[in-house]
Amino acid sequence: MFVIEKEIISKDEIAFLIPQIYKLLHVRFGHRHWWPGDTRDEIMIGAILTQNTAWTNVEKAIKNLKKVDCLSLDRLASTSRSELEKMIRPSGYFRQKAERLMNFARIVLDYPDGPDAFFHHSQNLDEIRDRLLNINGVGPETADSILLYAASFPSFVIDAYTFRIFTRMALYDGKKDYMKLQKLITDNLELDLDLYRDYHAQLVELGKRYCRNRRPVCDTCPLNELCPKKGA
DNA sequence: GACCAGGCACATC
DNA sequence: GATGTGCATGGT
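The structure presented is a predicted model; accordingly, all values stated were derived computationally and were not measured.

Draft legend 1. Molecular detail of the protein's contact with DNA strand C. Surveying the vicinity of DNA strand C reveals the residues Asn52, Thr53, Ala54, Thr56, Asn57, Arg89, Pro90, Gly92, Tyr93, Phe94, Arg95 and Gln96. Elements with a contribution of two residues or more to the surface near DNA strand C: helix H3 (55-67) and helix H6 (94-109). No other element matches the three residues that H6 contributes to the surface near DNA strand C. For the surface near DNA strand C, the class distribution of residues is four nonpolar, six polar and two charged.

Draft legend 2. Expanded view of the protein's contact with DNA strand B. With respect to spatial proximity, 27 residues lie near DNA strand B, and among them Gln51, Gly139, Thr142, Ala160 and Asn213 are the closest. Counting residues per element, the ones that place at least two in the surface near DNA strand B are helix H9 (140-150), helix H10 (160-168) and helix H12 (193-210). Of all the elements, H9 adds the most residues to the surface near DNA strand B, at four residues. Here the surface near DNA strand B is composed, by residue class, of eleven nonpolar, eleven polar and five charged.

Draft legend 3. Representation of the domain arrangement of chain A within the structure. Each assigned domain of chain A is listed with its residue range as follows: domain 1 (2-30 + 156-226) and domain 2 (40-150). Relative placement of domain 1 and domain 2: their C-alpha centres are 27 Å apart. At the junction of the two partners, domain 1 supplies seven residues and domain 2 supplies six residues. In terms of residue class, the side of domain 1 that touches domain 2 is made up of five nonpolar, no polar and two charged.

Draft legend 4. How the structure looks around the packing of helix H2 (residues 40-49) against H6. In the contact formed by H2 and H6, the axes pass within 10 Å of each other and the chain directions differ by 145°. In this structure, H2 meets H6 at a crossing whose hand is right-handed. Where H2 abuts H6, its residues Ile45, Ile48 and Leu49 lie against Lys97, Arg100, Leu101 and Phe104. Residue classes in the contact of H2 with H6 are distributed as five nonpolar, no polar and two charged.

Draft legend 5. Highlighting the packing of helix H5 (residues 81-88) against H6. Orientation of H5 relative to H6, taken along the N-to-C sense of each, is 120°, at an axis distance of 9 Å. With respect to each other, H5 and H6 are oriented oblique. Like other packed secondary-structure pairs, H5 and H6 cross with a definite hand, here right-handed. Facing Arg81, Leu84, Glu85 and Ile88 of H5, the residues of H6 in contact are Phe94, Arg95, Lys97, Ala98, Leu101 and Met102.

Draft legend 6. Summary view of unusual backbone geometry. The linkage connecting Trp34 with the following residue, Trp35, adopts the cis geometry, with an omega of 10°. Tracing the backbone through its elements, the reader meets Trp35 in the loop between helix H1 (11-29) and H2. The backbone of His33 shows a phi angle near 50°, a positive value even though the residue is not glycine. Relative to the helices and strands, His33 resides in the loop between H1 and H2.

Criteria and thresholds
Residues numbered from 1 in each chain as written. Chains lettered and ligands numbered in written order. Predicted model: local features only at pLDDT ≥ 70, side-chain atom pairs only at ≥ 80, totals over all residues. Near = placed C-beta within 6 Å. Helix = DSSP H or I, 4+ residues; strand = E, 2+ residues; numbered from the N terminus. Nonpolar A, V, L, I, M, F, W, Y, C, P; charged D, E, K, R; others polar. Domains from an automatic or database assignment. Contact = placed C-beta atoms within 7 Å. Axes fitted to C-alpha atoms, helices over the stretch in contact; angles between N-to-C directions. Left-handed = near helix turned anticlockwise from the far one by under 90°. Parallel < 35°, antiparallel > 145°, perpendicular 65-115°, else oblique.

Now the structure itself:
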């Protein structure tokens, strides 16, 4: 038994709720077909640009990059730092992110036998994940987003919404321990690329509509019937 | 004008 | 190992 927020939730209950949450969200929102980006490079660039930043701001930066055909790692690596900073300014932290993007592009492009080899499926997932985590500016969420959406590895993405929602559902104890929450979810979920992709996408959709930081909305939330904090 | 948004690295205790 | 801080723009 887990003791969570002074309530007791059994392992069986958790094993039921985690797939059930996805089912309810999928019924309400439909398949999300995520990530918002067309190519592997675009998805990876977006994953870095969206760090602690609203996606609407990232869109402006991506639009600027697209305008000059800089939405790929090789074009990005051959751009000047100041030009890049100018283009990604709307996404915030633009100096930091410009440096991270150029460094990231350089490392992936310079990988022996190139980017395809970097992400080749003959390798172990953990091997590639560790390689990504060793790149400055790539933490667990960014690494998993890249693996899951750009490189098609089943690596479940935990983000601020995931913490907020699972804490609120009293399935998680609230401490920001990325690997702990990731394990809780994947231990209770079928290992499937498309399921991992869409589950995270559903959580983001739910978070945006019903679980913003200050003001959770309960009345029409699709998880209302499961939520112990209903009406709180 | 304060608060927030799909993090991460680094300093300090 | 936990906790705090800087990074920065645009929307509400």
